[in-house]
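Listed here are the chains, written in short residue letters.
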Amino acid sequence: MTNLRGWLFDSHAARHGVRLWVLDERGRCHELLDPWRPVVRVAARGDAGARAENLLHARLGRPPEKTSRVELFSSELTEVWEARLPPREQTKLTGELKDLGCELYDADIHPLQAWHYERGHFPLAFGEFSVEEGILRGHELHDDRWAVDYPLPHLKTMRLRLS
């Protein structure tokens, strides 16, 4: 495993997680894969609940996990199924669950934003990234999300002209 010091430069949803680019202190860009998957939380009762559970089971290849969460507006404890799928599959699944009449939780948060929330980092955060064969295995930030003045990576400019 190697450690890479640099800035979290960019990220995109990929087939097997999140593809990210880290700009190191020398200005070199490193492409990594974080095998993270966003969580979809679903509540449904009756026929819709049975259909939702079957759909989740089919997508996951196993029964979905059932847990309880506090509902934001009512503060009541609500039973939900939790499923983690690659970011690109989440949108299709949430559309199908919505069509079944299910209540969805956290489905309106863009997968990349959820990734930043869950991992505790932010765009252009400086830190140390543990990498094994192109796979992100961990990270430690050396940056403060509230800092007003902070070092930035060395960026390059490319200009195109049509003639």
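Predicted model, so just to flag it, every value in this text is computed and none were measured.

Conventions adopted
Here, residues in each chain are numbered from 1, in the same order as that chain's written sequence. The model is predicted, so local features are restricted to residues of pLDDT at least 70 and side-chain atom pairs to those at 80 or more, both for listing and for counting; the totals for chains, interfaces and linings are taken over all residues. Based on all heavy atoms of the structure, the side-chain values leave hydrogens and waters out of the count. Each residue's exposure class comes from its accessible area (1.4 Å probe, protein chains only) as a fraction of the maximum for that residue type: buried when under 20%, exposed when over 50%, partly exposed otherwise. Under the scheme used here, helices are H or I runs from DSSP no shorter than 4 residues and strands are E runs no shorter than 2 residues, and both carry numbers assigned from the N terminus. Strand pairing is assigned whenever DSSP identifies at least 2 bridges connecting the two strands. It only takes one pair of heavy atoms within 4.5 Å for two residues to be counted as in contact. Throughout this description, the term nonpolar core refers to a set of buried Ala, Val, Leu, Ile, Met, Phe, Trp, Tyr and Cys residues connected via side-chain atoms within 4.5 Å. Take the number of residues in a helix, subtract one, and multiply by 1.5 Å to get its expected span. Of all possible arcs, the one meant is that of the directions from the helix axis to the C-beta atoms.

Quick word on the pairing of strand β8 (residues 126-132)
Counted residue by residue, β8 has five buried out of seven residues, so it is predominantly covered. Across six bridges, strand β1 (residues 2-14) lies against β8 in antiparallel orientation. Within β8, the residue paired with Thr 2 across the bridge is Val 131. Across six bridges, β8 lies against strand β9 (residues 135-141) in antiparallel orientation. Pairing of Glu 128 across the sheet is with Glu 140, part of β9.

What about the environment of Trp 21?
Within the secondary structure, Trp 21 is located in strand β2 (residues 17-24). According to the relative accessible area criterion, Trp 21 is partly exposed, its value standing at 21%. Once the C-alpha coordinates of Trp 21 and Phe 9 are considered, the two residues, 12 residues apart in sequence, prove to be 5.5 Å apart. In contact with Trp 21, other than residues within four places in its own chain, are Trp 7, Leu 8, Phe 9, Asp 10, Ser 11, His 12, Cys 29, His 30 and Glu 31.

Quick notes on the nonpolar core
Counting residues in hydrophobic clusters, the biggest one holds 14 residues, and the most contacted among them are Val 42, Ala 52, Leu 56, Trp 81, Leu 93, Leu 97 and Cys 102. Put simply, the parts of the chain that give this core at least two residues each are β4 (39-43), α1 (46-60), β6 (77-84) and α2 (87-99). When residues of this core are assigned to their parent elements, the largest contribution, five residues, is made by α1. Counting residues in each nonpolar core, the second largest holds 13 residues, with Leu 4, Val 22, Leu 32 and Leu 112 among its members.

A closer look at α2
Look at α2: 19 Å from first C-alpha to last across 13 residues, which is about the 18 Å you get at 1.5 Å a residue. Turning to α2, its buried residues are Pro 87, Gln 90, Leu 93, Thr 94 and Leu 97. Seen from one end, α2 has its buried residues packed into an arc of 105 degrees, which puts them on one side. Exposed and oriented more than 90 degrees from the buried face of α2 are Arg 88, Thr 91, Lys 92 and Asp 99. Considering only its buried residues, α2 is in contact with β1, β2, β4, α1, β7 (103-105) and α3 (111-119). Just downstream of α2, Gly 101 is the residue with a positive phi angle, here 90 degrees.

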